[in-house]
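Report on the structure
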Amino acid sequence: MRIDVVTLFPEFVRQCAGIGVVGRAQERGLLQVETWNPRDFATDNYRSVDDRPYGGGPGMVMMIDPLRAALAAVRAAAPEPAHVIYLSPQGARLTQRRVAKLARMPRFTLLCGRYEGVDERLLAHAVDEELSIGDYVLSGGELAAAVLIDAVGRLQEGALNDAQSARQDSFSDGLLDCPHYTRPEQDALGEVPPVLLSGDHAAIRRWRLKQSLGRTWLRRPDLLARLTLDAEARQLLEE
Ligand code: SAM
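Worth saying up front: this structure is predicted, and the values here are computed from it rather than measured. (Residues numbered from 1 in each chain as written. Predicted model: local features only at pLDDT ≥ 70, side-chain atom pairs only at ≥ 80, totals over all residues.)

**Quick notes on the environment of Asp 51**
In plain terms, the rule: Helical segments are the DSSP runs of H or I of at least four residues, strand segments are the runs of E of at least two, and each set is numbered from the N terminus. Here the C-beta atoms are placed from the backbone, and a residue counts as buried if at least 20 other C-beta atoms lie within 10 Å of its own, exposed if 12 or fewer do, and partly exposed otherwise.
In this fold, Asp 51 is placed in strand β3 (residues 50-51). Its 13 C-beta neighbours within 10 Å are what place Asp 51 among the partly exposed residues. For the pair Asp 51 and Asp 119, spaced 68 residues apart in sequence, the C-alpha separation works out to 9.7 Å.

Here it is, written out as structure tokens:
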């Protein structure tokens, strides 16, 4: 899949997308991240991309023209339609469900705001959806873009060395993940739960499911209201 990012800080986005699982996904040809700097599309000598807000008040606003030209260049760069997402604290909250849907798209574009944000007319005409990574205000959309690229990139088939690990992650089956343990078996901090050493795979799956259910009930009871357990999970609990 391909993600185009319109940003005043392309190096930052490229660096974030170049490390770990997502960097590996790019190396494996599963994901392509391209950046576009609106400054390269500015037409004045100062390469201006922002101006004072009409009506007065603090801060600057990103202008229509450089962004319109950058988005036109993005559209022209690949045949698939470039679904445009504006990263904004006013957008719908990003969830794992939305991430999973985006991960199945062949292509989308991320628009990163700066300053007080983007001229509303461009948002109204060029943006298909707005997404927020949480109820707080960042100084720019780049960190939010990096979050989204990471979450989507790791879901590309072949990005994780073990695809099973994404399936057992929190939220993917509607529950929080179970606790994990590794060596040593015995430590001053405590012991590994004996069932994990038993070699009884059905018992281990049942224990993990119960841990996930318990954690979700304690930490995120809101998730349980929307939960439908699949047939395998229901059978495990009945055994
Ligand atoms: N004046 C805007 C408001 O209150 O809605 C905030 C502008 S913010 C300082 C600058 C840019 O950071 C925004 O245009 C947006 O792209 C990005 N941004 C800030 N908080 C964000 C969040 N929670 N999620 C996604 N993007 C965010």
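**With respect to the domain arrangement of the protein**
Many structure descriptions define interface size as the accessible area lost when the parts assemble. Heads up, the rule is: Domains are outlined according to an automatic or database domain assignment.
Per the domain assignment, the segments of the protein are domain 1 (2-153) and domain 2 (168-238). Computed over C-alpha atoms, the centres of domain 1 and domain 2 are 37 Å apart.

**Regarding unusual backbone geometry**
Omega for the bond connecting Arg 183 with Pro 184 falls within 30 degrees of zero, at 5°, which places this linkage in the cis form. By the secondary structure assignment, Pro 184 is in the loop between α7 (164-167) and β8 (186-187). For Arg 47, which is not a glycine, the phi torsion comes out positive at approximately 55°. Tracing the backbone through its elements, the reader meets Arg 47 in the loop between β2 (32-36) and β3. Although it is not a glycine, Phe 171 adopts a positive phi angle of roughly 80°. Residue position: Phe 171 is located in the loop between α7 and β8.

**A few points about the site of the ligand**
Note the cut-off: Near residues are defined by distance alone, with the backbone-placed C-beta atom required to lie within 6 Å of the molecule or strand. Lys, Arg, Asp and Glu make up the charged group, whereas Ala, Val, Leu, Ile, Met, Phe, Trp, Tyr, Cys and Pro make up the nonpolar group; the residues left over, Gly among them, are polar.
Not every one of the 19 residues close to the ligand is listed here, only the nearest: Leu 87, Pro 89, Gly 113, Gly 141 and Ala 144. For the shell around the ligand, the leading source of residues is strand β5 (residues 83-93), giving four residues. Its residues assigned to classes, the shell around the ligand comprises eight nonpolar, nine polar and two charged.

**Some words on the confidence of the model for the protein**
Detail in the predicted coordinates should be disregarded across regions flagged by low pLDDT. Basically, it comes down to this: What pLDDT conveys is the predictor's confidence in a given residue, as a value from 0 to 100.
Of all residues in the protein, 100% have pLDDT values of 70 or greater, and the mean over the chain is 96. This prediction of the complex comes with two scores: 0.96 for pTM and 0.99 for ipTM.

**Concerning the sheet that holds strand β6 (residues 107-112)**
This is how it is decided: Think of it this way: DSSP has to see at least two bridges between two strands before they count as a pair. Between N-to-C directions, angles cover 0 to 180 degrees, with each direction set by a line fitted to C-alpha atoms, over the stretch in contact for helices. A pair of residues counts as a contact when their C-beta atoms, built from backbone coordinates, are separated by no more than 7 Å.
If you trace the five strands from one edge of the open sheet to the other, you get β2-β1-β6-β5-β7, paired in parallel fashion. Edge positions in the sheet fall to β2 and β7 (129-132), since each has one partner strand and no second. Ignoring strand direction, the axes of neighbouring strands in this sheet form an average angle of 35°. Bridge count between β5 and β7: five bridges; the pairing is parallel. Looking at the pairing, Leu 87 lines up with Leu 131 of β7. Taken strand by strand, helix α3 (residues 64-77) contacts β1 (2-6), β2, β5 and β6, and its axis lies near 165° from that of β1.

**Observations concerning the UniProt feature "binding site: S-adenosyl-L-methionine" (unreviewed entry) in the protein**
Using the following cut-off: UniProt positions are given in the numbering used here, feature names are shortened, and annotations may be inferred rather than shown by experiment.
UniProt tags Gly 113, Ile 133, Gly 134, Asp 135, Tyr 136, Val 137 and Leu 138 as "binding site: S-adenosyl-L-methionine" (unreviewed entry). Assignment of secondary structure puts Gly 134 in the loop between β7 and α6 (142-153). Look at Gly 134 and you get exposed, because 11 C-beta atoms sit within 10 Å. Structurally, Asp 135 can be placed in the loop between β7 and α6.

**Regarding the environment of Glu 191**
Along the polypeptide, Glu 191 turns up in strand β9 (residues 190-191). What makes Glu 191 exposed here is the crowd of 11 C-beta atoms within 10 Å. On a C-alpha basis, the gap between Glu 191 and Met 60 in space is 56 Å, while along the polypeptide they are 131 residues apart.

**Comments concerning the UniProt feature "domain: tRNA methyltransferase TRMD/TRM10-type" (unreviewed entry) in the protein**
Feature annotation in UniProt places "domain: tRNA methyltransferase TRMD/TRM10-type" (unreviewed entry) on residues 1-225, given in this structure's numbering. For residues 1-225, the end-to-end C-alpha separation is 33 Å, with 37% helix and 17% strand making up the annotated structure.

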